[in-house]
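Here is what each chain is made of, one letter per residue.
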Amino acid sequence: QVQLVESGGGLVQPGGSLRLSCAASGTRLSINAVGWYRQAPGEQRELVAFIISSGSTNYADSVKGRFTISRDNAKNTVYLQMNSLKPEDTAVYYCYTRSQNYDYWGQGTQVTVSS
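Note that this is a predicted model, so its numbers are computed, not measured. Positions within a chain are numbered from 1, following the residues in the order the chain's sequence is written. Restriction of local features to residues with pLDDT of at least 70 applies here, the model being predicted, together with a cutoff of 80 or more for giving and counting side-chain atom pairs; totals for whole chains, interfaces and linings are based on all residues. Only hydrogens and water are set aside; all other atoms, that is, all heavy atoms of the structure, feed into the side-chain values.

**Q** Requested: an account of the nonpolar core, with residues and values cited.
**A** Joining through side-chain atoms within 4.5 Å is the link that ties buried Ala, Val, Leu, Ile, Met, Phe, Trp, Tyr and Cys residues into a set, and such a set is a nonpolar core. Whether a residue is buried, partly exposed or exposed follows from its accessible area with a 1.4 Å probe, protein chains only, as a fraction of its type maximum: under 20%, in between, or over 50%, in that order. Counting 25 residues, the largest nonpolar core has Trp36, Phe67, Ile69, Leu80, Met82 and Tyr93 as its most contacted members. Sorting the residues of this core by element identifies strand E3 (18–25), strand E4 (34–39), strand E5 (46–51), strand E7 (67–72), strand E8 (77–82), strand E9 (91–99) and strand E11 (109–113) as the ones contributing at least two each. Think of it this way: any DSSP run of H or I at least four residues long counts as a helix, any run of E at least two long counts as a strand, and we number them from the N terminus. Per-element accounting of this core gives the leading share, 4 residues, to E3.

This is how it looks when you write it as structure tokens:
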């Protein structure tokens, strides 16, 4: 059974940084595409960044240059390094992967950017 567990969220001041982690079991993230999504109150869930098996990455325009997605194959974990955080980055962040034609989501981790 595939499980994704996010961690690393919290409260941070504007301009600060956080690193989110997505630890997987039941599947190897190194062979899957993995995405970080976020959902703010009253908004639709949106894709923030993703990484594919080759290591190629892609980002939403709103986070380019500030966020970095990476993967540690030995730990079977994907990270989202978030720098220069803004209040509009406030949301619940979710990790996503697809394995054997099934979609899997983590439980989400809250990120709040506020002074």
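**Q** Let's hear about the pairing of E5: which residues, and what values?
**A** Between any two strands, at least two bridges found by DSSP are needed for them to pair. As paired strands, E4 and E5 are joined by 5 bridges and run antiparallel to one another. Bridge assignment links Trp36 to a residue of E5, and that residue is Ala49. Pairing of E5 with strand E6 (residues 57–59), which is carried by 3 bridges, proceeds in the antiparallel orientation. Residue pairing in the sheet places Phe50 in a bridge with Asn58 of E6. Remark: 5 residues form the turn of the hairpin made by E5 and E6, two consecutive strands paired antiparallel; Gly55 in that turn has positive phi of roughly 100°.

**Q** Explain the pairing of E9 to me, and be specific about the residues and the numbers.
**A** Each regular strand carries side chains that alternate between the two faces of the sheet. Most of E9 sits out of view: 7 of its 9 residues are buried. Looking at chain direction, E4 and E9 are connected through 6 bridges and run antiparallel. Paired with Gly35 across the strands is Tyr96, a residue of E9. Strand direction decides the pairing type here: E9 and E11, joined by 3 bridges, are antiparallel. Pairing of Ala91 across the sheet is with Val111, part of E11.

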